[in-house]
Amino acid sequence: MAISLDKLVGFHHKALTIRDQRMETIAGNLANANTPGYKARDVDFKAAMQTAQLEQKSSLSRTHEKHFDVQIRNTQDLLYRVPMQPDTGDGNTVEVQKERNEFLDTGMRYQAGLEFLKGKFKGMKNALKGGQA
């Protein structure tokens, strides 16, 4: 019986990738907190995960040369963040405290995802050893 790593961890790997992109975007927002006219950006995590879920459901393994080669492209774009506070006059929409909170939250979720994947691989390794610790 073949082991499919994509089925085992594919969805979770995609979640980690999206969280990584989100942390990079938030870091960019923080770096430009004092740049006049800079508009804060964010990744729509929910929409990106829904796309990943659809990709996983509709992905086909090509096991024979006559099978169709299916490729789904991710058209995920960055969105502009809607500011909660009024404009300070320079057109910058970065709210430093909100960005820091989002960065920390995303970082903790990223770490939790890594721990989850670690457990998956540990279980798989244990199964391959025949249940021996």
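Structural data are supplied above this passage.
These remarks concern the structure in this document. Residue numbers here run from 1 along each chain, matching the order of that chain's written sequence. Only residues with pLDDT of 70 or above have their local features reported here, since the model is predicted, and side-chain atom pairs are shown and tallied only from 80 upward, although totals for entire chains, interfaces and linings are computed over all residues. Hydrogens are left out, water is left out, and the side-chain values use all remaining heavy atoms of the structure.

Observations regarding the overall build of the protein chain
Basically, it comes down to this: Secondary structure elements are taken from DSSP: a helix is a run of H or I of four residues or more, a strand is a run of E of two residues or more, and numbering for both begins at the N terminus. To sort residues, take the accessible area from a 1.4 Å probe on protein chains only and compare it with the maximum for the residue type: under 20% means buried, over 50% means exposed, and anything in between is partly exposed. Throughout, a contact is declared for two residues whenever any of their heavy atoms are within 4.5 Å. To measure how exposed things are, a 1.4 Å probe is used in the Shrake-Rupley method; for residues, cover is taken only from the protein chains shown.
For the protein chain, the count of helices and strands is three helices and two strands. Going from the N terminus to the C terminus, the protein chain shows its helices and strands as α-β-α-β-α. Looking at the protein chain as a whole, 23% of its 133 residues are labelled buried. By sequence separation, contacts in the protein chain at least 24 residues apart represent 74% of the contacts at least 6 residues apart. Put simply, the protein chain shows about 9,900 Å² of open surface, and 55% of that area lies on carbon and sulfur atoms.

Brief notes about the nonpolar core
The following threshold applies: To form a nonpolar core, buried Ala, Val, Leu, Ile, Met, Phe, Trp, Tyr and Cys residues must be joined to one another through side-chain atoms within 4.5 Å.
Listed in full, the five residues of the largest apolar core are Ala15, Ile18, Val43, Ala48 and Met49. If you list the elements that add at least two residues to this core, you get α1 (5–31) and α2 (45–58). With near-sequence residues (within four places) excluded, alanine 15 lies in contact with Phe45 and Met49.

Re helix α3 (residues 96–128)
Heads up, the rule is: By definition here, a helix of n residues has an expected span of 1.5 Å times n minus one.
Compared with an ideal rise of 1.5 Å per residue, which puts 33 residues at 48 Å, α3 spans 48 Å between its outermost C-alpha atoms and is within 8% of the ideal. Listed in full, the buried residues belonging to α3 are Glu99, Glu102, Thr106, Gly113, Leu117 and Met124. Glycine 130 sits one or two residues past α3 and shows a positive phi near 85°.

Some details on the packing of aromatic side chains
Keep this limit in mind: Between 30 and 60 degrees the pair is tilted, below 30 it is stacked and above 60 it is edge-to-face, where a pair is any two Phe, Tyr or Trp rings, Trp via its six-membered ring, whose centres lie within 6.5 Å. We call a charge positioned over a ring when the NZ of a Lys or the CZ of an Arg lies within 6 Å of the ring centre and within 35 degrees of the ring normal.
For the structure shown, the criterion picks out zero aromatic pairs. Positioned over the ring face of tyrosine 80 is arginine 41, at 4.2 Å from the centre of the ring.

What about the side chain of arginine 81?
Quick reminder of the rule: Polar contacts here mean pairs of N or O atoms no more than 3.5 Å apart (in protein, one a potential hydrogen donor and the other a potential acceptor; neighbouring residues in sequence count only if both atoms are side-chain atoms).
Relative to the assigned elements, arginine 81 resides in the loop between β2 (78–80) and α3. Look at arginine 81 and you get buried, because its relative accessible area is 10%. A polar contact of 3.2 Å, which involves the side chain of arginine 81, links it to the side chain of aspartate 42. Each residue touching arginine 81, except ones within four places of it in the same chain, is listed here: Arg22, Ile26, Asn29, Ala40, Arg41, Asp42, Thr93, Lys98, Glu99 and Glu102.

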